[in-house]
Amino acid sequence: MGGEDEPGWEVDPDDEWGVAVIATVGRQLKLRREALALRAADFGRAVGYGEDMVYKVEAGKRIPRPEYLDKADKVLKAGGLISAMKEDVEKVRYPRKVRALAEMEGKAVELQLYDPLNIHGLLQTPEYARALFGMHRPALTQDHIERATEARVSRKSVFERDPTPELSFILEEWVLRRPLGGRVLLRQQLEHALELGQLRNVEIQVMPMDRPEHAGIEGGIEVLKFADGSAVGRSPGVANGRPVSEPRDLRVLELRYGIIRAQALSPRESLAFIEELLGET
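The structure displayed is predicted, hence computed values, not measured ones.

Basis of the calculations
Residues numbered from 1 in each chain as written. Predicted model: local features only at pLDDT ≥ 70, side-chain atom pairs only at ≥ 80, totals over all residues. Heavy atoms only, no water. Buried < 20%, exposed > 50% of the residue type's maximum accessible area, 1.4 Å probe, protein only. Helix = DSSP H or I, 4+ residues; strand = E, 2+ residues; numbered from the N terminus. Pairing = 2+ DSSP bridges. Core = buried A, V, L, I, M, F, W, Y, C linked by side-chain atoms within 4.5 Å. Contact = heavy atoms within 4.5 Å. Axes fitted to C-alpha atoms, helices over the stretch in contact; angles between N-to-C directions. Salt bridge = Lys/Arg side-chain N within 4 Å of Asp/Glu carboxyl O.

So, the pairing of strand 4 (residues 166-172)
1) Next: The buried fraction of strand 4 is high, at six of seven residues.
2) Next: With six bridges joining them, strand 3 (residues 108-115) and strand 4 adopt parallel strand pairing. Following the sheet pairing, Tyr114 is matched in strand 4 by Ile170.
3) Next: The pairing of strand 4 with strand 5 (residues 202-207) spans six bridges and is parallel. When the sheet's bridge partners are listed, Leu171 is paired in strand 5 with Val206.

Right, dumping it as structure tokens:
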């Protein structure tokens, strides 16, 4: 199964809650191993990983993968108690910022999303997302790429909520044409966007490149609205990109978003446009 770096991910030292969770899991693993008088090297061989990685996991320096905990549960005869830790570990295996964003998306009843540079992350296939992360410079490690990809895919649970939120996306024509990762990945991505765009609670609009006016020149826009009437938004052109919740700032974001929607193709026209692109790909 994997090599020395396969069992888990590095812990973000600035994520206090995540550090505490992983430290607790590591301590429980160590206590159970020592209670059986099992050396780290022997335990490592039993679960299929190196001694050094065993020490890193037990010291709370690495986030154990689910399969690591399942194997440890059997070797240490924990009766499912160690495997049960997977639920807590699952919550901290993604970066803190991603968890916070996913939590807000999970509570929102309406999302208005415009990304001028890429197909929005919530619309991306895992393969397309992985390819984009692989293009980062300086280059990311393979471990980082996989972790970021899984984090992005985990946010797609927003489409499966009940009741479902209303989701509005505005995509630039050029991001739908540029074959990032290759034409096969682009074709899969366009097919996926079409599939999501046919959901009753999802509207996808395309901003054509030939528009003489564009209200989105100041960057992307995110507006999340909640059941209690509150909202939070973000855009590089407002408050230096920091999340805002003041009515004055939100009014600016919603005004810009509304104008961009009016300038873009309608949802019906946009799906037809994506189908045309699919035929050209």
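From this point, the discussion proceeds with the structure in view.
With respect to the nonpolar core
1) Next: Among the nonpolar cores identified, the biggest contains 32 residues, and Leu111, Leu122, Leu123, Phe159, Leu167, Phe169 and Leu176 are the most heavily contacted of them.
2) Next: Within the residue set of this core, elements represented by two or more residues are strand 3, helix 7 (126-134), strand 4, helix 9 (173-177), helix 10 (183-197), strand 5, strand 6 (221-226) and helix 12 (267-280).
3) Next: Ranked by residue count, the leading element in this core is helix 12, at five residues.
4) Next: Those residues in contact with Phe159, other than ones at most four positions away along the chain, are Leu122, Leu123, Thr164, Leu167, Phe169, Leu196, Leu199 and Val202.

Overview of the sheet that holds strand 6
1) Next: With respect to topology, five strands assemble into an open sheet ordered 5-4-3-6-7, the strand pairing being mixed. Strands with a single pairing partner mark the edges of an open sheet, and in this sheet they are strand 5 and strand 7 (231-234). Within this sheet the neighbouring strands show an average axis-to-axis angle of 5 degrees, counted without direction.

Here we look at the pattern of salt bridges
1) Next: Evaluated as defined, the whole model comprises 17 salt bridges.
2) Next: Two residues, Glu191 and Arg187, come together in a salt bridge whose shortest N-O distance is 3.6 Å. Of this pair, Glu191 and Arg187 both sit in helix 10, four residues apart, roughly one helical turn.
3) Next: By relative accessible area, Glu191 is classed as partly exposed at 37%.
4) Next: In this structure, Arg234 and Glu222 form a salt bridge, with 3.1 Å as the shortest nitrogen-oxygen distance. In this pair, Arg234 is assigned in strand 7 and Glu222 in strand 6, connecting sequence segments 12 residues apart.
5) Next: For Arg234, a relative accessible area of 35% puts it in the partly exposed group.
6) Next: Within this structure, Arg39, Asp42 and Arg45 form a network of salt bridges that share partners.

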